[in-house]
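Coordinate inspection notes
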Amino acid sequence: MQRHYRTGDQALVREINLSIVLNHLSDTSPLSRARLAEMTGLNKTTVSSLVQELLERRFLREIGREPSGAGRPAIMLELNPHAGCIIGTEIGVDFIAVILTDFRAQILWRRQEDSAHLQGQEAVLARAMELIREALAVGWSTGTPVLGLGLGVPGLVDGASGTLIFAPNLQWHNVPIKEILSRQFPGPIFVENDANAAAWGEHYFGAAQRAKNFIYLHVGVGLGAGIVIDGGLYRGRSGYAGEIGHMTLVLDGEPCHCGNRGCWETLVSQEAVIKRVRRAIENGASSRVSDLVEHRLERVSVPLIVQAAEEGDSITRQALQETGLYLGIGIANLINAFNPELVVFGGVLSLASPFLLPAIQQAIGSRSLAESSQTIRVEVSTHGRDACVIGCIALVLHDILSQPTRTLRADAEGRWSSPQTITLAQ
Ligand SMILES: [Zn+2]
């Protein structure tokens, strides 16, 4: 029995060491074997053996030599972009986006479609499935395995079962999304709240790469947060943390889709900005945006508001400044609660960041405690409207880098790479 345990321990230690090597190369590359040994504290023989396994399994590749002091030039290593493909999908309130990337998150293929015309949950899910099947076909055509699928949704997600519990802006309840997707794709599937996924994406590939304590704010149709504490996503007891769009900011304020009133989201969202501009125009103000929509106010959108503001229009600039002020007030509250080093914001409102940021900074300066706000950075998402789908890629990659052996085993068995194993029927 003792021997059995020792074998188990060795397998576990090797799994951890493989993960350590992969994670170092994900953070910094290229690196030589000697440098990897220095950085990880593992001895050179162990590193060579681990690297050999990862090379054989195509997770790493050698990319030539670099001078290494006295000895002969060292062979450099990096993550192999051709190790496999990953699919990221976002079901938004009014759109569906699907991307296929290589193992280093470079986008190989993408589709984004308006979904507002689709009638109901089943139609939206069916269309998302079709796009995922297209992505799978493209992934397989590269001759590499499709290693995983991440999906972001605008609502509360039970992480263990991958069930969407409630999406206020879609009015979807208890949808077993992971189970539905697993009928199409037998590999690992991760279903996550959109802002949580985006936070992870910024942490892996974006503005928050070196940050251990930060908050990602997704400002689109709704307003949600992904909260990273000590380098890990904070999910709360049941995975519902981060629903900060539903903090009450105004007693008896405007009704919110969640059933409450005066939520932060009713003051800061795509709809809130559009309403501010429309109201001003309906009250007789003249705005460049009226010309841009040929006086059909139902066509007012955030990109057009930004365009008008860039052209010097004062009504849209005022609307954005007011929105920035409320965004900043909420951020000041979060700074006081969490003392983060960084707040990143993305979603469609990040298109307006040059007009929002001055008001955000002003509100933070006047409303959060000086001790916390002096060192805070507020930045715009590196990936903009792609923040969530890129985050979905990061969810899959994070799982692979944490447990490489499981992925290697499945890959060796060809489980995720063969179209024959997948049900392509509707
Ligand atoms: Zn609400």
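Preceding block: the structure.
Basis of the calculations
- Each chain carries its own residue numbering, running from 1 in the written order of its sequence.
- Confidence filtering applies because this is a predicted model: local features only for residues at pLDDT of at least 70, side-chain atom pairs given and counted only at 80 or more, and all residues used for totals across whole chains, interfaces and linings.
- Side-chain metrics rest on all non-hydrogen atoms present in the structure, leaving aside hydrogens and water.
- Counting from the N terminus, the helices are DSSP H or I runs at least four residues long and the strands are E runs at least two residues long.
- The rule is simple: take the accessible area with a 1.4 Å probe, protein chains only, and divide by the maximum for that residue type; under 20% is buried, over 50% is exposed, in between is partly exposed.
- Two residues qualify as a contact provided that any one of their heavy atoms is within 4.5 Å of a heavy atom in the partner residue.
- In short, DSSP must find at least two bridges between two strands for them to pair.
- Axes here mean lines fitted to C-alpha atoms, for a helix over just the part in contact, with angles spanning 0 to 180 degrees between N-to-C directions.
- Counted as coordinating are nitrogen, oxygen and sulfur atoms within 2.8 Å of the metal, or 3.2 Å for Na, K and Ca, while water is not included, which may make sites look incomplete.
- Polar contacts here mean pairs of N or O atoms no more than 3.5 Å apart (in protein, one a potential hydrogen donor and the other a potential acceptor; neighbouring residues in sequence count only if both atoms are side-chain atoms).
- Here is the rule: rings of Phe, Tyr and Trp (six-membered ring for Trp) pair when centre to centre is within 6.5 Å. Planes less than 30 degrees apart are stacked, more than 60 are edge-to-face, and the remainder are tilted.
- An angle counts as roughly parallel when it lies under 35 degrees, as roughly antiparallel when it exceeds 145, as roughly perpendicular when it falls between 65 and 115, and as oblique in every other case.
- The hand of a helix crossing depends on one turn: near helix anticlockwise from the far one by less than a right angle means left-handed, and clockwise means right-handed.
- The nonpolar class holds Ala, Val, Leu, Ile, Met, Phe, Trp, Tyr, Cys and Pro. Asp, Glu, Lys and Arg form the charged class, and all remaining residues, Gly among them, are polar.
- Basic side-chain nitrogens of Lys or Arg form a salt bridge, by our definition, when they fall within 4 Å of a carboxyl oxygen of Asp or Glu.

1. Concerning the side chain of Arg276
Within the element layout of this structure, Arg276 appears in helix H8 (residues 270-282). Residue classification places Arg276 among the buried residues on the basis of a relative accessible area of 15%. Excluding anything up to four places from it in sequence, Arg276 contacts Leu267, Ala319, Glu322, Thr323 and Tyr326.

2. Some remarks on the sheet that holds strand S7 (residues 146-153)
Read from one edge to the other, the open sheet built from five strands follows the order S6-S5-S4-S7-S11, with strand pairing classed as mixed. Whereas interior strands pair on both sides, the edge strands pair on one side only; in this sheet they are strand S6 (107-114) and strand S11 (189-193). Recorded for the sheet is a direction-independent mean angle of 15 degrees between the axes of neighbouring strands. With seven bridges connecting them, strand S5 (residues 95-101) and S6 associate as antiparallel partners. From the neighbouring strand, Val98 faces S6, where its bridge partner is Arg111. Relative to the sheet, helix H6 (residues 194-205) contacts strand S4 (85-91), S7 and S11, its axis offset from that of S11 by approximately 110 degrees.

3. Concerning the coordination of the zinc ion
At 2.0 to 2.3 Å from the zinc ion lie its protein donor atoms, namely His246 (ND1), Cys256 (SG), Cys258 (SG) and Cys263 (SG). Each donor residue of the zinc ion lies on the same chain, and together they follow the pattern H-x9-C-x1-C-x4-C.

4. Focus on the environment of Asp102
Relative to the helices and strands, Asp102 resides in the loop between S5 and S6. For Asp102, a relative accessible area of 10% translates into the label buried. Spatially, the C-alpha atoms of Asp102 and Ser368 are 42 Å apart, while their sequence positions differ by 266 residues. Setting aside anything within four residues of it in sequence, one finds Asp102 in contact with Pro81, Gly84 and Leu108. A polar side-chain atom of Asp102 sits 2.8 Å from the main-chain amide nitrogen of Arg104.

5. Quick look at the pairing of S7
The buried fraction of S7 is high, at eight of eight residues. Relative to S7, S4 runs parallel, the two being bridged by six bridges. Across the sheet, residue Gly88 finds its bridge partner in S7, namely Gly150. One ladder, built from five bridges, connects S7 with S11; its direction is parallel. Within the sheet, the bridge partner assigned to Val153 lies in S11 and is Asn193.

6. Quick notes on the packing of aromatic side chains
Tallying each qualifying case throughout the model produces three aromatic pairs. A centroid spacing of 5.2 Å and a plane angle of 5 degrees characterise the contact between Phe59 and Phe103, whose relative ring orientation is stacked. Residue Phe59 is found in the loop between helix H3 (44-56) and strand S2 (60-66), and its partner Phe103 is found in the loop between S5 and S6; the two are separated by 44 residues along the sequence. We note that Phe59, like Phe103, is buried. With a centroid separation of 5.7 Å and 55 degrees between ring planes, the pair formed by Tyr204 and Phe205 is classed as tilted.

7. A few points about the packing of helix H11 (residues 314-338) against helix H12 (residues 353-367)
It is at 7 Å that the axes of H11 and H12 come closest, and there the two elements cross at 40 degrees. Classed by the angle they form, the pair H11 and H12 counts as oblique. Of the two possible hands of crossing, H11 and H12 adopt the one that is right-handed. In terms of residue class, the contact of H11 with H12 is made up of 13 nonpolar, five polar and two charged.

8. Re the pattern of salt bridges
Evaluation of the coordinates by the stated rule reveals 20 salt bridges. A salt bridge links Glu78 to Arg61; the nearest nitrogen and oxygen atoms lie 2.7 Å apart. In this pair, Glu78 is assigned in strand S3 (residues 74-79) and Arg61 in strand S2, connecting sequence segments 17 residues apart. On the basis of relative accessible area, Arg61 is assigned to the partly exposed category, the value being 29%. Between Arg111 and Glu134 there is a salt bridge whose closest N-O contact spans 3.5 Å. You can see Arg111 sitting in strand S6 and its partner Glu134 sitting in helix H4 (residues 120-141), a full 23 residues away along the chain. By relative accessible area, which is 30% here, Glu134 ends up partly exposed.

9. Re the sheet that holds strand S14 (residues 232-233)
Sheets are built from strands paired through backbone hydrogen bonds, the pairs being either parallel or antiparallel. Read across the sheet, five strands follow the order S14-S13-S12-S15-S16 without closing on themselves; strand pairing throughout is mixed. Strands at the two margins of the open sheet, each flanked by one partner only, are S14 and strand S16 (377-380). H11 contacts strand S12 (214-219), strand S13 (223-229) and strand S15 (342-346) of the sheet and is inclined by roughly 155 degrees relative to S12. Its contacts with the sheet place H12 against S15 and S16, and it is angled at close to 165 degrees to S16.

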